[in-house]
Structures are given as C-alpha cells and as structure tokens.
Amino acid sequence: MYSEVFPSIDQNELMSVIEEVGSRDVQVALQKDQLDIKDFAALISPAADPYIEEIANKAHQLTVQRFGRTILMYAPLYVSNYCTNGCRYCGFNHQNLMERHLLSHGQALDDAAVIASEGFRHLLLVSGEDPRYVDEQYLGELAVKLKGRFSSIGVEVQPLEESGYRHLSECGVDSLTIYQETYNTELYSEVHPSGKKRDFNYRLDTPERGALGGMRKVGLGVLLGLGNVSLDACNLALHARYIMQNYWRTQVSVSFPRLRAAEGGFQPYDPVSDRTLLKLICAFRLYTVDAVLVLSTRESAQFRDAVFPCGITQMSAGSKTNPGGYSSQDDTLEQFHVEDSRSVAHVAAAIREQGYEAVWKDWDPLLV
Ligand code: SF4
C-alpha cells in the first residue's frame, strides 16, 4: 500500500529538486515522452514561465491525441453536510454552528431528477464525513434507486473499508474521489485537529482500497493553497503514477480544487495564481498522460474556458454545493462558493464554441 511507500520519499530531497530546477530542465522535460518527477518539478517551477505557451501546446496535443476533443460532463449531488471532522479550511467542519441537513432518499432523488433533466448521466454523490447519517447502506440503497437514470455513479464521502467499496460497487457505484488535501504530515495534523480524518495513512490508502473493492475509477487531489503547492503537487503526481502502475484496471483522475476562504475565516497559506494552476494542469497531462483531469465550478467561467483545452477532460456545470440545492429553494450553507455559475446549457455551448464535444455519457455498466 502507498502508506508503506510514502515514508521512503525523502521530502527534503524532493524539495531540493523543486528548488534547484532551472530553464535547462524545462527544455529537457519538453523533449521527453516519459517524464520523471524532476521533469514534473521543472514544468511547474518559475523557470517554466517563459515556456508556458510551448508547454500548453504540448499538453493540448497530448490530450487531443488520447481523449479527442471531448469534455465529460458530471454533476455533484450533496446529500448531507453533517461532518464529524474539524478541518480548519472547510465550512462543514463540526465546530461550525450551522444548520445541518441530510437528504432523505426521496429528496436526493428529487435533486437527481433535476440533474438528469439537464442531460447529466454521470453523477457524483458528495457528503460530509459522518457515518451516523451517510454510510454504506444509505449510499448503496440510493445508488440502486439512481442506477436506471445515470450510467455512472461516483462517491466523494468518508473513506471506507475495502468491503464497503465492494458493497457500493455491487449497488452500482463505480468511482471514488478522495483528496489527500496535503502530503505534508505535520500540516495535515495541524489542519485536521479532530475526527477520523486525522489518520493520514488511512486516507492515503483509500484509493487503493477503492480499487481493490471494485471501483473502476479513483480520483485524487490536494487542496491547492493549503500546503506548499509545488511539494504537494509533486507528491500527488507520484501517488497518481503509483496507482496507475499498480492498479492498471483502474482509471485515475486528478482534480485541482483551489482553496478559497471558508466559513470561519480560514485563509489559504499559499494562494495559487491562475498561472500556477495552468502550469499544474499542463504538467499533470505531460507526466500522467492518460489521467483524467478534472476542473470544477470552483473556478470562474473565464478561467475554465481559457484553460480547459490545455489538458482538462472532465468538468462539472450548474453545480449546487448545498444539500437539496437543485430542487428546493432552501439556502443552506454551501461547502464552497461556486465561481462558475453559468447554466449547464451555457457551459456546454462554451465547450462547443471551442470545437469540443460535451460528452454526457462515456460509460455504461453493461460494458463490464
Ligand atoms: S473537508 Fe470534508 S471532512 Fe473536512 S470538514 Fe469539510 S466536509 Fe468534513
């Protein structure tokens, strides 16, 4: 498991690589087909700035070669904002005295009906981490009810045991998203002062438990801005490649959630600029060539339209990040503020305008 591999990565050595790469290393990386972690570090370094156009072009070409001119569309459905964790950067943290909601299956199906009517066939069930409300049984039964409407159902919930993922897989869930948030173990402890999420290694091994439990796709990510962005990105790249090499049946996706100010006043330690985010997207395309790269509505319409051709292959649209947000007018607290508030049709039209196809379904359980 990766928790046995991770301690062998000398973080000081990795940081030295990041600090020492220069212009020549960027040029070398651009000539290679198979990049190593030093190449990746070069592509996200300040030395890469003068080459940004060349890097973006190469990332674009590779993406078109591997995925065509397509963007897979998905929608998140928040089923609960109950959470037992104390993540300092998140508005859902249990210390935040807010009204909590758990959608009944009926209410979740109402939200899902709105999402389906907009054209989506890929659905991501999201919740805070509180197994008293959202557990394998709740998710499994809901997935069974949703199966006829959606060709792919993913979960972004608390880490489960392998048997939990197997149960969900049998109920029709086929993908898992779990962000490590940061690979800096000290910072991880600091920003996760309470709750089960404090267990760094348990979280680190979650994508593998998912893969072993039958998930055909696992999504990784760090909260960009939480820790040192370059170091977290390098660790994420290594983790993604490890999964790709050891679980060849499982597709890996990488997301780029940029940390925003949260309820409770948390401010990002290391804010990530648009330029840095663009470099990260391109570097992941060049380093993990076949990975699905995801950009959500956390980012503005302008930014998403400008950068998606540089490597992104999956996007959300019309998202609501509060439970019941699609079908009721209730103004419950959002997990994060949606920056791209365009309608689904508007986002799809913007994708088509750039010569891409918005794909609503690229998978069917019958394909197994
Ligand atoms: S980030 Fe997730 S686990 Fe942490 S408080 Fe927010 S909802 Fe809970």
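Below, the structure is looked at part by part.

Definitions and limits used
Counting restarts for each chain, with residues numbered from 1 along the sequence as it is written. Local features in this predicted model are restricted to residues whose pLDDT is 70 or higher, and side-chain atom pairs enter the listing and the counts only when it is 80 or higher, whereas totals over whole chains, interfaces and linings include all residues. Calculation of side-chain values draws on the structure's entire complement of heavy atoms; hydrogens and water are dropped beforehand. A run of H or I in DSSP becomes a helix once it reaches four residues, and a run of E becomes a strand once it reaches two; helices and strands are each numbered from the N terminus. The atom set for the radius of gyration is the C-alpha atoms, and the globule formula is 2.2 Å times the number of residues raised to the power 0.38. Think of it in three bands: residues with accessible area under 20% of the maximum for their type are buried, residues over 50% are exposed, and the middle band is partly exposed, with areas taken using a 1.4 Å probe on protein chains only. Whether two residues are in contact is decided by their heavy atoms, any of which lying within 4.5 Å being enough. With residues, only the protein chains shown are counted as cover, and all accessible areas are computed by Shrake-Rupley using a 1.4 Å probe. Lines are fitted to the C-alpha atoms to define the axes, a helix being fitted only along its stretch in contact, and any angle between axes, read from their N-to-C directions, falls within 0 to 180 degrees. Angular relationships are summarised with four words: roughly parallel below 35 degrees, roughly antiparallel beyond 145, roughly perpendicular across 65 to 115, and oblique for the angles in between. Crossings are classed by handedness, with left-handed meaning an anticlockwise turn of the near helix from the far one by less than a right angle and right-handed meaning a clockwise turn. Residues are grouped as follows: nonpolar covers Ala, Val, Leu, Ile, Met, Phe, Trp, Tyr, Cys and Pro; charged covers Asp, Glu, Lys and Arg; every other residue, Gly included, is treated as polar. Between 30 and 60 degrees the pair is tilted, below 30 it is stacked and above 60 it is edge-to-face, where a pair is any two Phe, Tyr or Trp rings, Trp via its six-membered ring, whose centres lie within 6.5 Å. Lysine NZ or arginine CZ positioned within 6 Å of the ring centre and within 35 degrees of the ring normal marks a charge as sitting over the ring. One heavy atom within 4 Å of a molecule or strand makes the whole residue count as near it. Two strands form a pair only when DSSP identifies at least two bridges running between them. Viewed with both strands pointing away, a crossover whose connecting path from the first strand over the helix to the second turns clockwise is right-handed.

Here we look at the overall build of the chain
Helices and strands together make up the secondary structure of the chain, namely 15 helices and 9 strands. Radius of gyration (C-alpha) of the chain: 19 Å, near the 21 Å computed for a compact globule of 368 residues. Each principal axis of the C-alpha distribution contributes one length, and for the chain these read about 60 × 45 × 40 Å. Here the chain holds 368 residues, and the buried ones make up 60% of them. For the chain, restricting intrachain contacts to residue pairs at least 6 apart in sequence, the fraction spanning at least 24 positions comes to 75%. As presented, the chain carries roughly 15300 Å² of accessible surface, and 47% of it is formed by carbon and sulfur atoms.

Brief notes about the packing of helix α3 (residues 23–31) against helix α5 (residues 52–67)
Put simply, α3 and α5 touch, their axes get as near as 11 Å, and they point 20° apart. When the interaxial angle is binned, α3 and α5 end up roughly parallel. Remark: the crossing between α3 and α5 carries left-handed chirality. For the pair formed by α3 and α5, the contact residues are Val26, Ala29, Leu30 and Gln31 on the first element and Glu54, Ile55 and Lys58 on the second. When its residues are assigned to classes, the contact of α3 with α5 shows 4 nonpolar, 1 polar and 2 charged.

Description of unusual backbone geometry
Backbone geometry places glutamate 181, a non-glycine residue, at a positive phi of 75°. Turning to its location among the elements, glutamate 181 is positioned in the loop between β4 (173–177) and α9 (185–191).

A look at the environment of aspartate 232
On the secondary structure map, aspartate 232 appears in helix α12 (residues 229–246). When the C-alpha positions of aspartate 232 and tyrosine 287 are compared, they lie 15 Å apart, and in sequence the two are 55 residues distant. Look past the residues within four positions of aspartate 232 in its chain and what remains in contact with it is Glu181, Thr182, Tyr183, Asn184, Val222 and Gly227.

Quick word on the packing of aromatic side chains
Inspection of the entire model under this criterion finds 12 aromatic pairs. Centre to centre, the rings of tyrosine 2 and tyrosine 242 are 4.8 Å apart; their planes meet at 50°, and the pair counts as tilted. Of this pair, tyrosine 2 sits in helix α1 (residues 2–5) while tyrosine 242 is found in helix α12, placing the two residues 240 residues apart along the sequence. We note that tyrosine 2, like tyrosine 242, is buried. Feature note: the residues Tyr2, Phe6, Tyr183, Tyr188, Phe200 and Tyr242 constitute an aromatic cluster, connected by ring pairs. In this arrangement the basic side chain of arginine 209 is found over the ring face of tyrosine 202, its NZ or CZ atom lying 3.8 Å from the centre.

Quick notes on the site of the ligand
Close to the ligand lie 11 residues, the nearest being Cys83, Asn85, Cys87, Cys90 and Asn93. Its residues placed into classes, the shell around the ligand shows 5 nonpolar, 4 polar and 2 charged.

Things to note about the side chain of serine 175
Here serine 175 lies in strand β4. Beyond its immediate stretch of four places on either side in the chain, serine 175 contacts Ile153, Gly154, Val155, Met215 and Lys217.

A look at the pairing of strand β3 (residues 152–156)
Taking burial as the measure, the 5 residues of β3 include 4 buried ones, the bulk of the element. The sheet contact formed by strand β2 (residues 122–127) and β3 spans 5 bridges and is parallel. Looking at β3, one finds that leucine 124 is bridged to glycine 154. Chirality of the crossover, the property in question, places the unit of β2, helix α7 (residues 136–146) and β3 among those that are right-handed. Summarising the sheet, β3 and β4 pair through 3 bridges and their orientation is parallel. For isoleucine 153, the partnering residue across the bridge sits in β4 and is valine 173.

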